[in-house]
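This is what each chain is made of:
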Amino acid sequence: MSSAAPHVTGQDHFGPDHLWSVDEHLEDILATVRPLEPIELHLLDAQGCVLVEDITVPVSLPPFDNSSMDGYAVRVADVAGASEEFPAALEVVGDVAAGQAELLHVGPGQAARIMTGAPLPPGAETVVPVEWTDGGLGEGPVRGMLARSLGPEGATGHVQVYRPAEARAHVRAKGSDVRAGDRALEAGTVLGPPQISLLAAIGRGTVRVRPRPRVVVLSTGSELVQPDTELGTGQIYDSNSFALTAAARDAGAIAYRVGAVADDAETLRSTIEDQLVRADLVVTTGGVSVGAYDVVKEALSYVGDEDEPGSGIDFRKLAMQPGKPQGFGSIGPDHTPLLALPGNPVSSYVSFELFVRPAIRTLMGLRDVHPPTTRATLTADKALTSPKGRRQFLRGTYADGKVTPVGGAGSHLVAALAHADALIAVPEDTVSVEPGTEVEVVLLG
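First things first, this report covers the structure right here in the doc. Computed from a predicted model, the values in this text were never measured in an experiment. (Residues numbered from 1 in each chain as written. Predicted model: local features only at pLDDT ≥ 70, side-chain atom pairs only at ≥ 80, totals over all residues. Heavy atoms only, no water.)

The next subject is the packing of helix H4 (residues 240–250) against helix H7 (residues 345–364). Contact geometry of H4 with H7 gives a least axis separation of 10 Å together with a crossing angle of 25°. Here H4 is positioned roughly parallel relative to H7, judged by the angle of their axes. Here H4 runs over H7; the crossing is right-handed. On the side of H4, the interface is formed by Asn240, Leu244, Ala247, Ala248 and Asp250, while H7 contributes Pro345, Ser348, Tyr349, Phe352, Arg357 and Ile360. Of the residues belonging to the contact of H4 with H7, the class tally is 7 nonpolar, 2 polar and 2 charged. (Axes fitted to C-alpha atoms, helices over the stretch in contact; angles between N-to-C directions. Helix = DSSP H or I, 4+ residues; strand = E, 2+ residues; numbered from the N terminus. Parallel < 35°, antiparallel > 145°, perpendicular 65-115°, else oblique. Left-handed = near helix turned anticlockwise from the far one by under 90°. Contact = heavy atoms within 4.5 Å. Nonpolar A, V, L, I, M, F, W, Y, C, P; charged D, E, K, R; others polar.)

Now for the side chain of asparagine 66. Relative to the helices and strands, asparagine 66 resides in strand S5 (residues 66–67). Relative accessible area serves as the criterion here: at 5%, asparagine 66 is assigned to the buried category. Within the structure, the side chain of asparagine 66 is placed 3.3 Å from the backbone oxygen of phenylalanine 64, a separation counted as a polar contact. Apart from the residues within four sequence positions on either side, asparagine 66 is in contact with Gly117, Ala118, Pro119, Leu120, His170, Val171 and Arg172. (Buried < 20%, exposed > 50% of the residue type's maximum accessible area, 1.4 Å probe, protein only. Polar contact = N/O pair within 3.5 Å; in protein donor to acceptor, adjacent residues only side chain to side chain.)

Now for the nonpolar core. With 42 residues, the main nonpolar core has Leu281, Phe352, Phe355, Ile360 and Phe393 as its most contacted residues. When residues of this core are traced back to their parent elements, those giving at least two are helix H1 (22–32), strand S14 (214–220), H4, strand S18 (281–285), strand S22 (336–341), H7 and strand S27 (422–426). For this core, the element with the highest residue contribution is H7, accounting for 11 residues. Setting aside its immediate chain neighbours within four residues, phenylalanine 355 contacts Val22, His25, Leu26, Ile29, Leu318, Met320, Gln326 and Leu339. Among the nonpolar cores identified, the runner-up in size contains 20 residues, and Val261, Ala299, Ile331 and Ala340 belong to it. (Core = buried A, V, L, I, M, F, W, Y, C linked by side-chain atoms within 4.5 Å.)

Turning to the packing of aromatic side chains, a few remarks are in order. The description of two aromatic rings rests on the distance between their centres and on the angle between their planes. Inspection of every chain in the model, using the stated rule, returns 0 aromatic pairs. Here the guanidinium or amino end of arginine 163 rests over the ring plane of tryptophan 132, the centre of that ring lying 4.0 Å away. Above the ring of tryptophan 20, the side-chain terminus of arginine 316 is found at 3.7 Å from the ring centroid. (Phe/Tyr/Trp six-rings, centres within 6.5 Å; stacked < 30°, edge-to-face > 60°. Lys NZ or Arg CZ within 6 Å of the ring centre and 35° of its normal.)

Turning next to unusual backbone geometry. Each neighbour pair has its own omega, and for leucine 61 with proline 62 the value is -15°, a cis peptide bond. Looking at where proline 62 falls in the secondary structure, it is placed in the loop between strand S4 (55–56) and S5. Here the bond from glutamine 321 into proline 322 is cis, since omega is -5°, no more than 30 degrees from zero. Looking at the secondary structure, you find proline 322 in the loop between strand S20 (320–321) and strand S21 (325–331). A positive phi is found at arginine 168, a non-glycine position, where the angle reads about 65°. Structurally, arginine 168 can be placed in the loop between strand S10 (158–161) and strand S11 (171–172). Its relative accessible area of 38% is what places arginine 168 among the partly exposed residues.

A full pass over the atoms with the stated rule returns 17 salt bridges. With its nearest N and O atoms 3.6 Å apart, the salt bridge here joins arginine 183 to aspartate 54. Taken together, the residues span a long stretch of sequence, with arginine 183 in strand S12 (residues 183–185) and aspartate 54 in the loop between strand S3 (50–51) and S4 at a distance of 129 residues. Between arginine 168 and aspartate 65 there is a salt bridge whose closest N-O contact spans 3.0 Å. With arginine 168 in the loop between S10 and S11 and aspartate 65 in the loop between S4 and S5, this residue pair connects regions lying 103 residues apart in the sequence. (Salt bridge = Lys/Arg side-chain N within 4 Å of Asp/Glu carboxyl O.)

With that settled, the discussion passes to the pairing of strand S8 (residues 110–114). With 5 of its 5 residues buried, S8 lies for the most part within the structure. Covered by surrounding structure in S8 are Gln110, Ala112 and Ile114 together with Ala111 and Arg113, the residues of both alternating faces. Direction of pairing for strand S6 (residues 71–74) relative to S8: antiparallel, over a ladder of 3 bridges. Residue alanine 73 lies in a different strand from S8, and its bridge partner there is alanine 112. For strand S7 (residues 88–96) and S8, the ladder comprises 4 bridges, and the chain directions are parallel. (Pairing = 2+ DSSP bridges.)

Looking now at H4. Every buried residue of H4 is accounted for by Asn240, Ser241, Leu244, Thr245, Ala247 and Ala248. Along H4, the residues classed as buried sweep out an arc of 160° about the axis, all on the same side. Among the structural elements, S14, strand S17 (254–261), S18, S22 and H7 are those in contact with the buried residues of H4. Once H4 finishes, glycine 252 follows within two positions and takes phi at roughly 110°, a positive value. (Arc of directions from axis to C-beta.)

Turning to the environment of aspartate 177, a few remarks are in order. Locating aspartate 177 in the fold gives a position in the loop between S11 and S12. Accessibility expressed as a relative area gives 54% for aspartate 177, which makes it exposed. Between the C-alpha atoms of aspartate 177 and serine 60, which are 117 residues apart in sequence, the distance is 7.6 Å. Once residues within four sequence positions are removed from consideration, aspartate 177 is found in contact with Leu61 and Pro62.

Next up, the structure:
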């Protein structure tokens, strides 16, 4: 379950009519949400999780000198001056294969056929690639070795070497990757495929990490129906829950989508309470404005009771567009954080990027949880307008230090959002932005 601390609603330090800034709302969320408690997980289960401990290398990689080529392990002096006209003829004393326990000894005038990854045998000083030899066939340079099952005689007899090799050529030295005692990975590292590969290579089967947070997403509205069903009069497809569930997964969470809940406060609250058993964070969309059917406010605007001290959701107005109505707090015996987002599709998604994604990253224990931003030059046909006193977020496409608006400012324009990869952030005190102006850009995803 979530390890978030009990939430003290914003009404304790701001009045009920306070117009919250974007920064104040995010700061309140990040001050409340706490990283999840660490657990021990098997490597593949730990993918996408954050390490909570430094990992020290117990054994050097590679653990022994080994060949980087298929060829012959030889002594340097025995191939000095070798050429196609005057090849060095060596006695083949056997094979050295990867994983072989008993190693041959290579003496003067001898060679051992060696495979990639096999240990360099005692007495050998270098490796000659098979392409520099006749492969023991006596018919000039070869391109490769026959499989042992097809040519077992290749492990005996003689081989002609057509080129010299320097000492330790084509040899991977013991510890050339990492040495025993080195720090392989540091706490705070996100475990992706390369990191999991390294952990397995040094013999770690489990690691201590913060688990991926479990996020429950549900949308509200009696007008919402499931995709692949026929629309009735006044109905629309439920897109928000799909968008937010996908966004939560993209942020690194294990996300569960709950079917749309009708506009009934008791049903909504019951549904949320039923979901708490699998939630480290709950995200709702819709029902947070000032309408008569905004059931999220009706269902969750309570201070808590004797069984749930400290719980409660604070519904606020933010000085932003889109996304003015927001709700945040905690619910249930474990004080599970809940973010209530607006119902308009663009408002919902913008709110996710600004507030929910940072909350997920905080639960994961990541060091940098804030949305990535950059500066870019605005390219547009005309000036952008923005309401005074509101921080506006317009959809845009970003490339090569330039950002171009996509679609209009309407919070229902899903098609425009689908083509955007950035948000153009217009400050509260700016009402017009001319083309060519440098603007702040929030990068999506």
